[in-house]
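# Fold and contact review
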Amino acid sequence: MSPAPIHATTVAIDGVAVLLLGPSGSGKSDLALRLIDRGAVLVADDYTVVTVHDGALRATAPDTIRGKIEVRGVGIMLIDTIDDVPIRLAVRLDQPVERLPLETQATYHGVAIPQVAIAPFEASAPIKVEMAVRHATEAS
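Residues numbered from 1 in each chain as written. Predicted model: local features only at pLDDT ≥ 70, side-chain atom pairs only at ≥ 80, totals over all residues. Heavy atoms only, no water.

## Here's the deal with unusual backbone geometry
The backbone of Asp84 shows a phi angle near 55°, a positive value even though the residue is not glycine. Structurally, Asp84 can be placed in the loop between β7 (75–78) and β8 (85–92). For His109, which is not glycine, the phi dihedral falls at a positive 50°. By relative accessible area, His109 is classed as exposed at 53%. (Helix = DSSP H or I, 4+ residues; strand = E, 2+ residues; numbered from the N terminus. Buried < 20%, exposed > 50% of the residue type's maximum accessible area, 1.4 Å probe, protein only.)

As structure tokens, then:
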């Protein structure tokens, strides 16, 4: 039995995965598109399979949606993807954004990763995600 996917759109930035978490309509795919425009690569849109390998979390797309992204107002589009990527950061799109937040973590399958809250529709959101994942990668 394979693990149940979580409700997250996932992109890879510099070879590591970032989970974009929030309910439908929270801006996951929109933020992913803006990150992709800046050089990120799609792992999975809307649902991501998270597994543990050698103590590290890894992200993969469910077979049914691999290589597809929903572009609201346009439809389901085919897009290049990457698979089986180590996860370094969880980004909450549905939580209050603190000016100077305390460091928090998200835990999946007993493995903790850094977590931040970002307002997904701000113009600076993609840059903030890139900075947060680089900081998380340097800290690990």
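## Here's the deal with the environment of Pro23
Within the secondary structure, Pro23 sits in the loop between β2 (16–21) and α1 (28–37). Separated by 69 residues in the primary sequence, Pro23 and Arg92 place their C-alpha atoms 9.9 Å from one another. Discounting residues that sit within four places of it in the chain, Pro23 has contacts with His7, Lys28 and Asp94. (Contact = heavy atoms within 4.5 Å.)

## So, the pattern of salt bridges
This structure, assessed with the given rule, holds nine salt bridges. One salt bridge in this structure joins Asp30 and Arg34, with 2.9 Å as the shortest N-O distance. Taken together, the residues Asp30 and Arg34, both in helix α1 and four residues apart, mark about one turn of the helix. Classification of Asp30 as partly exposed rests on a relative accessible area of 34%. Here Arg34 falls in the partly exposed class, since its relative accessible area comes to 24%. In this structure, a network of salt bridges that share partners links the residues Asp63, Arg66 and Asp83. (Salt bridge = Lys/Arg side-chain N within 4 Å of Asp/Glu carboxyl O.)

## A word on the layout of surface pockets
Empty space among the atoms can be located by rolling a probe the size of a water molecule over them. Estimates place the volume of the largest pocket at around 730 Å³. Taken together, 24 residues make up the lining of the largest pocket; nearest its centre are Pro101, Leu102, Gln115, Val116 and Ala117. Secondary-structure elements contributing two or more residues to the lining of the largest pocket are β9 (104–108), β10 (111–117) and α2 (125–139). Looking at the lining of the largest pocket element by element, the count peaks at six residues for α2. Residues of the lining of the largest pocket, tallied by class, amount to 14 nonpolar, five polar and five charged. Lining the second largest pocket are 14 residues; nearest its centre among them are Gly25, Lys28, Ser29, Asp30 and Arg72. Those elements that provide at least two residues to the lining of the second largest pocket are α1 and β6 (68–71). Broken down by element, the residue count for the lining of the second largest pocket peaks at four residues, all from α1. Looking at the lining of the second largest pocket, its residues break down into three nonpolar, five polar and six charged. (1 Å grid on protein atoms, 1.4 Å probe; cavity = no way out; pocket = protein on both sides within 12 Å on 5 of 7 lines; lining within 4 Å. Points joined across faces, edges and corners; volume = space filled by probe spheres on them. Nonpolar A, V, L, I, M, F, W, Y, C, P; charged D, E, K, R; others polar.)

## Looking at α1
Listing the buried residues of α1 in full gives Lys28, Ser29, Leu31, Ala32 and Leu35. Buried residues of α1, seen end-on, are gathered within an arc of 160° and therefore sit on one face of the element. Lining the buried residues of α1 we find β1 (8–13), β2, β6 and α2. One or two positions beyond α1, positive phi appears at Gly39, with a value near 115°. (Arc of directions from axis to C-beta.)

## Quick word on the nonpolar core
Counting 21 residues, the largest nonpolar core has Val11, Ile13, Val18, Leu20, Leu35, Val91 and Val129 as its most contacted members. Top element by residues in this core is α2. It accounts for five residues. Beyond its immediate chain neighbours, meaning those up to four positions away, Ile13 contacts Val18, Leu35, Ala40, Val129, Glu130, Val133 and Arg134. (Core = buried A, V, L, I, M, F, W, Y, C linked by side-chain atoms within 4.5 Å.)

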